[in-house]
Structures are given as structure tokens and as C-alpha cells.
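Here are the chains, one letter per residue:
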Amino acid sequence: MKIKTILVSQPEPKMENSPYLRLIEKEKVKVDFRPFIHVEGVDAKNVRQQKIDLKDYTAIILTSRNSVDHFFRIAEEMRFKVPDAMKYFCQSEAVAFYLQKYVVYRKRKIYVGKRNFTELVPLIKKYKDESFLLPSSDVLKSSVPETLNELGINWTRGIFYKTVISDLSDLRDVYYDVLVFFSPSGIESLLKNFPDFQQNNTRIAVFGNSTVLAATDAELRIDIKAPTPETPSMTMALQKYITSVNKK
């Protein structure tokens, strides 16, 4: 069956030159975006119950834009003025750039990894005497705390926000040729919203090993995988598959 419609389980990209736009133009397919999960902040009272006092920390580890937003939201709720001397360890340049929403970049001590969390390790090692706070979601890759524990540093995880399954009931009678997933939470949302989901001719596209595992555990048939050496991005993987299938 030819591919005509695709549902991506994420918010629509805001950039003008999104690779999805090129996919739509080249393959003449319809692509819709709908977050299968969303983030909700926990309140300051909940953070205090975790025995977290922001003045106890001299460095913040930021792994995502959400962690940036919710750290500063909690600081505001607690009426905590973040000191100029605070050190920020950002997992990627994108996270560091986003930090400018809250701080004057050139006047702060900001240390930036390339992309993966492990690339932050050499930077954290240089400042191992700091007291680190990791603002995170309730869902966190086990490799992150394992890595920090191995460093033997003084660090604390704070759950500042939670990953929540979105209500997708309006999609019950809407069918797509391809469903695209980027996290195990997306797979979980599909099954929670539609416990009687039958895959039939629907193609499933997954990004990352943990998503592959979640889809396999859910006994879904995986038709499209990324990243691979040949297709490092999801749009490239979709492009290759659509070109192959629609030619037949």
C-alpha cells in the first residue's frame, strides 16, 4: 500500500526549513503532528518535599529545554534569586542557547557538551567539588544517574516536571499510513489511549533503541527504523521507505 498520510507523535517543528516540509513537497504526502505526551510542572511544595533547597547548590546540570524552563519556574515560585556565580552544565549547544531566555549568556559560567550526556563528563570532572542539582522529569534514562554516581560527585536529582500521556480520543476514528514514534512514552501513550489498537496495514516508524524495544515489547511490527548509518534522521528514513513503497 502506498504512503499518503503520516502522523508524527511530536509537536510541529517551528523552523521554516523543517526537513518534514521537504518530505511533503518531494513525496506529495500529508504529514500531521500531534504530541502523544506532554510535560506538566510539579509545584514548589512538591520540590520541597523532595528535600531540595536551591541555595544548597552551586551548579545546575541541564539536559533539555524543559529542564531549563522548570528550574527557573521553581526558582521563581520559591522566590529564589539565582546567583550570578551559579554554574550551568548544558548537555548540548541547543540547551545552552535556550538558557539565554533566562540569563545574560556572556556574564554566566556556562559549560556545554556536544550532544550526548557522556560528553559532559570531562567538564563536570573539572568542577567535581561543586554541589550539583539535576532538574529532571520523572522519566530519566538510567545512564544519567549511573554516570553521575561513577564520577563520585555531590549531586542531587530533583523531579521538577512530569511526562504525562496526552488525550488522543479525537483520533480514534482517524487512520494514518505511518505512525512515527521517538520515545517509549509515545508507544505507551498509543496503547493507553487505544488499548484495542490493531496495526493491520499501519506502518510504524521508530527512532532510537529504547523506542525499538518498547515497540517490540508491545508486539508492534516495526517497518521503519532510525538512526542507521544510511538514514541518520527520521525524515531520511521516511523518505527512503516512501520512495521504495510508492514506486511499486
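Preceding block: the structure.
So, a few notes on the structure that sits alongside this text. All figures in this text were calculated on a predicted structure; none of them were measured in a lab.

Next up on the list: the nonpolar core. Membership of the largest hydrophobic core comes to 27 residues, with the highest contact counts inside it found for Leu54, Tyr88, Leu99 and Phe160. Contributing elements (two or more residues each) for this core: helix H2 (44-49), strand S4 (59-62), helix H3 (65-77), strand S5 (87-90), helix H4 (93-98) and strand S8 (154-165). For this core, the leading source of residues is H3, giving five residues. In this structure Phe160 touches Gly41, Val42, Val47, Ile52, Leu54, His70, Phe71, Arg73, Ile74, Leu133, Pro135 and Ser136, once residues within four positions along its chain are discounted. Counting 18 residues, the second-largest nonpolar core is a separate cluster that includes Tyr20, Val178, Val180 and Met234.

So, about helix H6 (residues 143-151). Burial in H6 covers these residues: Val144, Thr147, Leu148 and Leu151. Along the long axis of H6, the arc covered by the buried residues comes to 95°, so they all point the same way. In H6, the exposed residues that point more than 90 degrees away from the buried face are Asn149 and Glu150. Packed against the buried residues of H6 are S4, helix H5 (121-126), strand S7 (131-137) and S8. After H6 finishes, the residue Gly152 shows a positive phi value of roughly 70°.

Moving on to the pairing of strand S9 (residues 178-181). Regular strands show a simple pattern: their side chains alternate between the two faces of the sheet. Neither face of S9 is left uncovered, since the one carrying Val178 and Val180 and the one carrying Leu179 and Phe181 both have all their residues buried. Pairing of strand S1 (residues 5-8) with S9, which is carried by three bridges, proceeds in the parallel orientation. Among the inter-strand pairings, Ile6 is bridged to a residue of S9, identified as Val178. As judged from the four bridges shared by S9 and strand S10 (residues 203-207), these two strands associate in the parallel manner. Counterpart to Leu179 in the pairing with S10 is Ile204.

Let us now look at the sheet that holds strand S11 (residues 222-226). Reading across from one edge, S2-S1-S9-S10-S11 is the order of the five strands in this open sheet, with parallel pairing throughout. Looking at the sheet topology across the chains shown, the edges are occupied by strand S2 (30-33) and S11. For this sheet, the mean angle separating the axes of adjacent strands, direction not counted, is 20°. Relative to S11, S10 is paired through four bridges, and the arrangement is parallel. By the bridge assignment for S11, Ala205 is matched with Ile224.

This part is about the pattern of salt bridges. Following the criterion strictly, the structure yields 10 salt bridges and no others. A salt bridge links Glu77 to Arg73; the nearest nitrogen and oxygen atoms lie 2.8 Å apart. In this pair, Glu77 and Arg73 are both assigned in helix H3, four residues apart and thus about one turn of the helix distant. Taking the shortest distance from any N to any O, the salt bridge between Arg172 and Asp196 comes out at 3.6 Å. Of this pair, Arg172 sits in the loop between S8 and S9 while Asp196 sits in the loop between helix H7 (184-193) and S10, placing them 24 residues apart in sequence. Arg172 gets classed as partly exposed once you look at its relative accessible area, which sits at 40%.

With that settled, consider the packing of aromatic side chains. Under the counting rule described, the total for this entry stands at 10 aromatic pairs. Consider the rings of Tyr111 and Tyr127, whose centres lie 4.8 Å apart with planes at 45°: the pair is tilted. With Tyr111 in strand S6 (residues 109-112) and Tyr127 in the loop between H5 and S7, this pair connects stretches of sequence that are 16 residues apart. A residue is classified by how much of its surface remains accessible, and Tyr111, at 16% relative accessible area, is buried. Overall, Tyr127 belongs to the partly exposed group, its relative accessible area being 26%. An aromatic cluster is defined as three or more aromatic residues linked by ring pairs; in this entry it consists of Phe71, Phe72, Tyr88 and Tyr102.

Cut-off values and rules
- Sequence order as written defines residue numbering, which begins from 1 separately in each chain.
- At least 70 in pLDDT is required for a residue's local features to be given in this predicted model, at least 80 for side-chain atom pairs to be given and counted, and no such filter applies to totals for whole chains, interfaces and linings, which use all residues.
- Excluded from the side-chain calculation are hydrogens and water; included are all heavy atoms of the structure.
- What is meant by a nonpolar core is a set of buried Ala, Val, Leu, Ile, Met, Phe, Trp, Tyr and Cys residues, joined one to another through side-chain atoms within 4.5 Å.
- Summary of the burial criterion: residues with accessible area below 20% of their type's maximum are buried, those above 50% are exposed, and those between are partly exposed, where the area comes from a 1.4 Å probe applied to protein chains only.
- Each helix is a run of DSSP H or I of at least 4 residues and each strand a run of E of at least 2, with the numbering of both proceeding from the N terminus.
- The contact definition used throughout considers only heavy atoms, calling two residues in contact when any of these lie within 4.5 Å.
- This arc describes the spread of directions from the helix axis toward the C-beta atoms.
- Whether two strands pair depends on DSSP finding at least two bridges between them.
- In this description, a line fitted to the C-alpha atoms serves as the axis of each element, helices being fitted only across the stretch in contact, and the angle between N-to-C directions of two axes falls anywhere from 0 to 180 degrees.
- Basic side-chain nitrogens of Lys or Arg form a salt bridge, by our definition, when they fall within 4 Å of a carboxyl oxygen of Asp or Glu.
- For Phe, Tyr and Trp, rings pair up if their centres lie within 6.5 Å, where Trp contributes its six-membered ring, and each pair is then called stacked (planes under 30 degrees apart), edge-to-face (over 60) or tilted (otherwise).

By themselves, these are just geometric observations and shouldn't be taken as functional.
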